[in-house]
Amino acid sequence: MIVVRNRFIPIGKRYGAMNLFGIMFVKPDVVLTDEVVNHERIHSRQMRELLYVLFYLLYVMEWIVWLIRLRGDAYRSYMNISFEREAYRHGGDMGYLSRRRRFAQWRGDGANF
Ligand SMILES: [Zn+2]
């Protein structure tokens, strides 16, 4: 995975790394642990399954729906996006991607809040 260190992406102090079309943008002070890299690899798999464009479309739509449900709480809404739930739940499991089922983000066990 290509890693681009920069000060601007992702936007927001709470976010340290972001995967855009398979390229990982990372803030300068963020330590790239195996778990962070695995989290972003899970997103890459989700993107490929949904042909990238559909991934981003659904990602943003889900975030907006959660924003409405959670009355504007942006961070909790982000944590509840199905793609993030899967990536956070399994980021620490280095063997996860080798046994992951297709569209696993929608086979999860509910919201994180
Ligand atoms: Zn993520």
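Scope of this entry: the structure provided in the associated data block. (Residues numbered from 1 in each chain as written. Predicted model: local features only at pLDDT ≥ 70, side-chain atom pairs only at ≥ 80, totals over all residues. Heavy atoms only, no water.)

A look at the sheet that holds strand E3 (residues 23–26)
Piece 1. One open sheet accounts for 3 strands, arranged E1-E3-E2; its pairing is mixed. Two strands bound the open sheet, and with one partner strand each, they are strand E1 (2–5) and strand E2 (17–20). The mean angle between the axes of side-by-side strands here comes to 25°, regardless of whether they run parallel or antiparallel.
Piece 2. One ladder, built from 4 bridges, connects E2 with E3; its direction is antiparallel. Its bridge partner being in E3, Met18 is matched across the sheet by Phe25.
Piece 3. Seen against the sheet, helix H1 (residues 34–49) touches E2 and E3 and runs at an angle of roughly 25° to E2. (Pairing = 2+ DSSP bridges. Helix = DSSP H or I, 4+ residues; strand = E, 2+ residues; numbered from the N terminus. Axes fitted to C-alpha atoms, helices over the stretch in contact; angles between N-to-C directions. Contact = heavy atoms within 4.5 Å.)

Looking at the environment of Glu62
Piece 1. By secondary structure assignment, the location of Glu62 is in helix H2 (residues 53–69).
Piece 2. Between the C-alpha atom of Glu62 and that of Leu97, which follows or precedes it by 35 residues, the distance is 23 Å.
Piece 3. Apart from residues no more than four positions distant in its own chain, Glu62 is found in contact with Asn80, Ile81, Ser82, Phe83 and Trp106.
Piece 4. Within polar-contact distance, the side chain of Glu62 engages the side chain of Ser82 at 2.5 Å. (Polar contact = N/O pair within 3.5 Å; in protein donor to acceptor, adjacent residues only side chain to side chain.)

A word on the packing of aromatic side chains
Piece 1. For the structure shown, the criterion picks out 12 aromatic pairs.
Piece 2. Ring centres of Phe21 and Tyr52 lie 5.9 Å apart, and the angle between their planes is 25°; on these two criteria the pair is classed as stacked. With Phe21 in the loop between E2 and E3 and Tyr52 in the loop between H1 and H2, this residue pair connects regions lying 31 residues apart in the sequence.
Piece 3. Judged by its relative accessible area of 29%, Tyr52 falls in the partly exposed class.
Piece 4. Look at Tyr75 and Tyr78: their rings are 5.8 Å apart centre to centre, the planes differ by 40°, and that puts the pair in the tilted class. Of this pair, Tyr75 and Tyr78 are both found in helix H3 (residues 74–80), 3 residues apart, which corresponds to roughly one turn of the helix.
Piece 5. Of the residues examined, Tyr75 reaches a relative accessible area of 25% and is grouped as partly exposed.
Piece 6. Taking relative accessible area as the criterion, Tyr78 reaches 11% and is therefore assigned buried. (Phe/Tyr/Trp six-rings, centres within 6.5 Å; stacked < 30°, edge-to-face > 60°. Buried < 20%, exposed > 50% of the residue type's maximum accessible area, 1.4 Å probe, protein only.)

Comments concerning the coordination of the zinc ion
Piece 1. Only His39 (NE2), His43 (NE2), Glu84 (OE) and Glu84 (OE) from the protein coordinate the zinc ion, and they sit 2.0 to 2.7 Å from it.
Piece 2. Viewed at the metal, the 4 donor atoms of the zinc ion are separated by angles of 54 to 156°, and the geometry they form is irregular.
Piece 3. Spacing between the donor residues of the zinc ion along their common chain follows H-x3-H-x40-E. Pair noted here: His39 and His43 are both in helix H1, with a separation of 4 residues, about one helical turn. (Donors = N, O, S within 2.8 Å, 3.2 Å for Na, K, Ca; no water. Tetrahedral: all angles 85-135°; square planar, octahedral: opposite > 155°, others 65-115°.)

Structural measurements only, silent on function.
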